[in-house]
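Chain by chain, the residues run as shown.
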Amino acid sequence: MVKQIALGLGADLCGIASIDRFGGAPEGFHPCDILPSCKTVVVLAKRFPAGTIRCETTVPYTVTRNTLSTELDILSVRFCAKMEEAGVTAVPTGTISPTREDTKTGRWRGAVSAKHSAAAAGLGRIGKNTLLVTPEFGNMVWLNAVLTDAGLEPDDMLAGDPCPEGCSLCIDSCPVKALGNPEMKQGDCFAHAFHTEPGEEFTFKCHTCRTVCPNCLGSGNRL
Ligand code: B12
């Protein structure tokens, strides 16, 4: 029923994770730090159209990212209203914001990591580029985690490493060498990929780690 609601509202993928899978979440960024009664995390995903990475500029990519972020936030709030109609509590955590600095580690974090939630919900596995890879759409997905006090049957997590044996394409091609460790160099990536040139509005300057990956695309978006 939960998945029918999510897909009915426009999600392309929906996965369910039980709270016991969030033991590794950093202090202050665990689902129960937001909703103490949280028993389940429902992850909503939208495909990120692959045509956006076949362009001479990142305008289509940037427009798509901005629009999917708004769309998933709206979708997650509508989903929460439907869940409430069904008699349970459900709350959104935000697609790309709000974020804040984790003062204990200096890491910049979303309220709850959407990609780790998606991995815990069986939607995919995290690769060396620290991005989630789904069978259907590769890493070309946009994610959103919803917290609920409903006790739901979790999906099976996908086993194994998504990265091809010995592959280091993302690490080798990152223009600012931000990859290579489980914790990527957030500041270097942000400064390089998210800066704005004089005389223009914001557009992405880089998504190399996403597009050089052999798992960039999946069974559902290989043209
Ligand atoms: C902050 C942020 C950034 C930062 C930092 C990225 C980072 N990897 O930390 C910057 C600005 C650099 C960035 C860049 C990009 N981002 Co970004 N970003 C986010 C945001 C808002 C929060 C991510 C976060 O909390 N990071 C901090 C944590 C997760 O990372 P960490 O400190 O290394 O955590 C370590 C441990 O603490 C532990 N851990 C942390 N949390 C948890 C939770 C659990 C349950 C467990 C077990 C462990 C665990 O595991 C990590 C490794 O050891 C999310 C949206 C969201 N709400 O999650 C999008 C998000 C991760 N970004 C996304 C994307 C696509 C990008 C870009 C490709 C954008 C672009 N340029 O085109 C680049 C890719 C860079 C990269 N390779 O990661 C997508 C990823 C989709 C996917 N397929 O996985 C997300 C999910 C947005 C979305 N809603 O879909 N991003």
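Above this text is the structure in question.
Not measured: the values here are computed from a predicted model.

What counts as what
- Residues numbered from 1 in each chain as written.
- Predicted model: local features only at pLDDT ≥ 70, side-chain atom pairs only at ≥ 80, totals over all residues.
- Heavy atoms only, no water.
- Helix = DSSP H or I, 4+ residues; strand = E, 2+ residues; numbered from the N terminus.
- Rg over C-alpha atoms; globule rule 2.2 N^0.38 Å.
- Buried < 20%, exposed > 50% of the residue type's maximum accessible area, 1.4 Å probe, protein only.
- Areas by Shrake-Rupley, 256 points an atom, 1.4 Å probe, with all protein chains shown as cover.
- Lys, Arg positive; Asp, Glu negative; His and termini not counted.
- Charge placed at Lys NZ, Arg CZ, Asp CG, Glu CD.
- Salt bridge = Lys/Arg side-chain N within 4 Å of Asp/Glu carboxyl O.
- Near = heavy atom within 4 Å.
- Polar contact = N/O pair within 3.5 Å; in protein donor to acceptor, adjacent residues only side chain to side chain.
- Nonpolar A, V, L, I, M, F, W, Y, C, P; charged D, E, K, R; others polar.
- Pairing = 2+ DSSP bridges.
- Axes fitted to C-alpha atoms, helices over the stretch in contact; angles between N-to-C directions.
- Phe/Tyr/Trp six-rings, centres within 6.5 Å; stacked < 30°, edge-to-face > 60°.
- Lys NZ or Arg CZ within 6 Å of the ring centre and 35° of its normal.
- Expected span 1.5 Å × (residues − 1).
- Contact = heavy atoms within 4.5 Å.

### Brief notes about the overall build of the protein chain
Argument step 1. The helix and strand inventory of the protein chain stands at seven helices and eight strands.
Argument step 2. The globule rule puts the C-alpha radius of gyration for 223 residues at 17 Å, and the 17 Å found for the protein chain is close to it.
Argument step 3. If one aligns the C-alpha atoms of the protein chain with their principal axes, the spans along those axes are about 50 × 40 × 40 Å.
Argument step 4. A total of 223 residues make up the protein chain; the buried ones form 43% of that total.
Argument step 5. Of the roughly 11,200 Å² of accessible surface on the protein chain, a fraction of 56% belongs to carbon and sulfur atoms.
Argument step 6. The centroid of the 21 positive side-chain charges in the protein chain is displaced by 3 Å from the centroid of its 24 negative side-chain charges.

### Some points on the pattern of salt bridges
Argument step 1. For the structure shown, the criterion picks out seven salt bridges.
Argument step 2. Across the salt bridge formed by Asp155 and Lys3, the nearest N and O atoms sit 2.8 Å from each other. Of this pair, Asp155 sits in the loop between β8 (141-148) and α5 (169-173) while Lys3 sits in helix α1 (residues 2-8), placing them 152 residues apart in sequence.
Argument step 3. Judged by relative accessible area, which is 29%, Lys3 ranks as partly exposed.
Argument step 4. Across the salt bridge formed by Arg109 and Asp102, the nearest N and O atoms sit 2.8 Å from each other. Just as Arg109 is buried, Asp102 falls in that class too.
Argument step 5. Look at the salt bridges and you will find they share partners, linking Asp12, Lys46 and Glu71 into a network.

### Comments concerning the site of the ligand
Argument step 1. The environment of the ligand is made up of 39 residues, and the closest members are Tyr61, Thr95, Asn129, Leu132 and Leu143.
Argument step 2. Within the backbone of Leu132, a nitrogen or oxygen atom sits 2.7 Å from an oxygen atom of the ligand.
Argument step 3. Asn139 has a polar backbone atom sitting 3.1 Å from a nitrogen atom of the ligand.
Argument step 4. Looking at the shell around the ligand residue by residue, the class counts come to 22 nonpolar, 12 polar and five charged.

### Side note on the sheet that holds strand β3 (residues 90-92)
Pairing between the strands of a sheet comes from backbone hydrogen bonds, and it takes one of two forms, parallel or antiparallel.
Argument step 1. Read across the open sheet, the four strands follow the order β1-β2-β8-β3; overall the sheet is antiparallel. The two strands at the open ends of the sheet, each matched to only one other strand, are β1 (13-18) and β3. For this sheet, the mean inter-axis angle between neighbouring strands, taken without regard to orientation, is 25°.

### Some remarks on the packing of aromatic side chains
Argument step 1. Scanning the model with the defined rule gives seven aromatic pairs in all.
Argument step 2. On the numbers, 4.8 Å between centres and 40° between planes, the contact of Phe48 with Tyr61 is tilted. With Phe48 in the loop between β2 (40-47) and α3 (59-85) and Tyr61 in helix α3, the pair connects residues that are 13 residues apart, well separated along the chain.
Argument step 3. Classification of Tyr61 as buried rests on a relative accessible area of 5%.
Argument step 4. Judged by centre distance (6.1 Å) and plane angle (15°), the ring pair of Phe194 and Phe202 falls under stacked.
Argument step 5. By way of ring pairs, the aromatic residues Phe48, Tyr61, Trp142, Phe190, Phe194, Phe202 and Phe204 are connected into one cluster.
Argument step 6. The ring of Phe29 has Arg109 lying over it, and the distance from NZ or CZ to the ring centre is 5.6 Å.

### Quick look at α3
Argument step 1. For α3, with 27 residues, the first-to-last C-alpha span of 39 Å sits near the 39 Å given by 1.5 Å per residue.
Argument step 2. Of all the residues in α3, the buried ones are Tyr61, Thr62, Thr64, Arg65, Leu68, Ser69, Leu72, Leu75, Ser76, Phe79, Cys80 and Met83.
Argument step 3. Those residues of α3 that are buried lie in contact with α1, β2, β3, β8 and α7 (208-211).
Argument step 4. Gly87 occupies a position one or two residues after α3 and carries a positive phi of about 95°.

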